[in-house]
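# Coordinate analysis (summary)
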Amino acid sequence: AFTAMSVVSGQYFLAQINKEMQMINMKLDDILKFLYGDKKAELIAEMSFVRYAYENYNSIMLHEPQRIATLTSLQQSRKIAMKDMEFYIYDLEYNISKKIDSFEKLKSRTRKCFQIKDCLKLSQQLFVMSSMMEVFFAQNQDKEYLSAIEKDIVTYIDKCDKRILTCFAALKGNIKYLKVWPLEKQKKYGIEKQINTLVDSLNNGEESDMRESVRLALYAHSKITEYYVDKNGSVYIAA
């Protein structure tokens, strides 16, 4: 019974985190529009596996050999996501550092930077989701372990967001001093507005919903939880 309650609790909190994973939950066709290069197949494969593990969490948890195999694969997904985040951070910084001396370069560079940003956010969310699922599949509630996982997740969320902010703030500065023809001014303003929206969203200083969900889920088992069972045997967690 306690094992069943633990699985139900894990499913509930993973669902709360999954709501924050906007990139992972996109349709495959939409994701393929911005992924590029050697990392494309790798990210699609790992993302598809994490989705599969999430959707079949209840069933997998009831079969020990499959649970252990899934846990091993989630740890691999976590490592791949870390590697991909570093790759996209470097690629974003490299593209931002290149000189922009025409409106055509501005358009292509901005498009490329937003594409890299989407790839970086997808890698970030894959890292968060695989890390959290490792905790729930392992059923490891050791305080030091949870603290280490939380530190890693928050560190990489902050690292990605700060690098994106720094890079797009620099791009914003480059655009400001770019001289364009009169007919291009309105289009330049549109690009500036798009960048400003992103910079403002990252510069508001508030804790992200993702970080809050991670903290709540990680320490959920250390708190008293109320369960309700209806006449059909369905189990619910008190909100």
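Residues numbered from 1 in each chain as written. Predicted model: local features only at pLDDT ≥ 70, side-chain atom pairs only at ≥ 80, totals over all residues. Heavy atoms only, no water.

## Considerations on the confidence of the model for the protein chain
Rule in force here: Think of pLDDT as the predictor's per-residue confidence, scored from 0 to 100. Labels follow the DSSP assignment, with helices taken as runs of H or I lasting at least four residues and strands as runs of E lasting at least two, numbered in each case from the N terminus.
Confidence in the prediction of the protein chain, expressed as mean pLDDT, is 82, and 84% of residues score 70 or more. Least confident of the elements in the protein chain is strand S2 (residues 235–237), whose mean pLDDT is 55; most confident is helix H5 (residues 64–97), at 93.

## Regarding the packing of aromatic side chains
Geometrically, a pair of aromatic rings is defined through the distance of the ring centres and the angle of the planes. Condition: Ring pairs shown here join Phe, Tyr and Trp side chains whose ring centres sit within 6.5 Å, with only the six-membered ring taken for Trp; geometry is labelled stacked below 30 degrees between planes, edge-to-face above 60, and tilted in between. To sort residues, take the accessible area from a 1.4 Å probe on protein chains only and compare it with the maximum for the residue type: under 20% means buried, over 50% means exposed, and anything in between is partly exposed. Two limits define a charge over a ring: the Lys NZ or Arg CZ must be within 6 Å of the ring centre, and within 35 degrees of the ring normal.
Applying the stated criterion across every chain, the model contains 5 aromatic pairs. For the pair Phe-87 and Tyr-88, a centre-to-centre distance of 5.1 Å together with 75° between the ring planes defines the contact as edge-to-face. Classification of Phe-87 as partly exposed rests on a relative accessible area of 34%. In this structure Tyr-88 comes out as buried when scored by relative accessible area, which is 0%. For the pair Phe-127 and Tyr-156, a centre-to-centre distance of 5.0 Å together with 55° between the ring planes defines the contact as tilted. Of this pair, Phe-127 sits in helix H6 (residues 103–138) while Tyr-156 sits in helix H7 (residues 143–176); the two residues are 29 residues apart in sequence, bridging distant segments of the chain. Taking the relative accessible area as the measure of exposure, Phe-127 reaches 0% and is therefore buried. A relative accessible area of 14% places Tyr-156 in the buried class. Seen from the ring of Phe-87, Lys-39 lies directly overhead, with NZ or CZ sitting 5.2 Å from the centre.

## Brief notes about the nonpolar core
Just so we agree on the cut-off: For this analysis, a nonpolar core means a set of buried residues of the types Ala, Val, Leu, Ile, Met, Phe, Trp, Tyr and Cys, connected via side-chain atoms within 4.5 Å. We call two residues contacting when some pair of their heavy atoms lies within 4.5 Å.
Ranked by internal contacts, the top residues of the largest apolar core, which has 66 residues, are Leu-35, Val-128, Met-132, Phe-137 and Phe-168. Going through the elements one at a time, helix H1 (2–18), helix H3 (39–55), helix H4 (57–61), H5, H6, H7, helix H8 (185–202) and helix H9 (209–218) are the ones with two or more residues in this core. Examining the composition of this core, we find that 17 residues originate from one element, H6, more than from any other. Not counting residues up to four positions away in its chain, the partners in contact with Phe-137 are Ala-53, Tyr-57, Ile-60, Met-61, Arg-67, Thr-70, Leu-71 and Leu-74.

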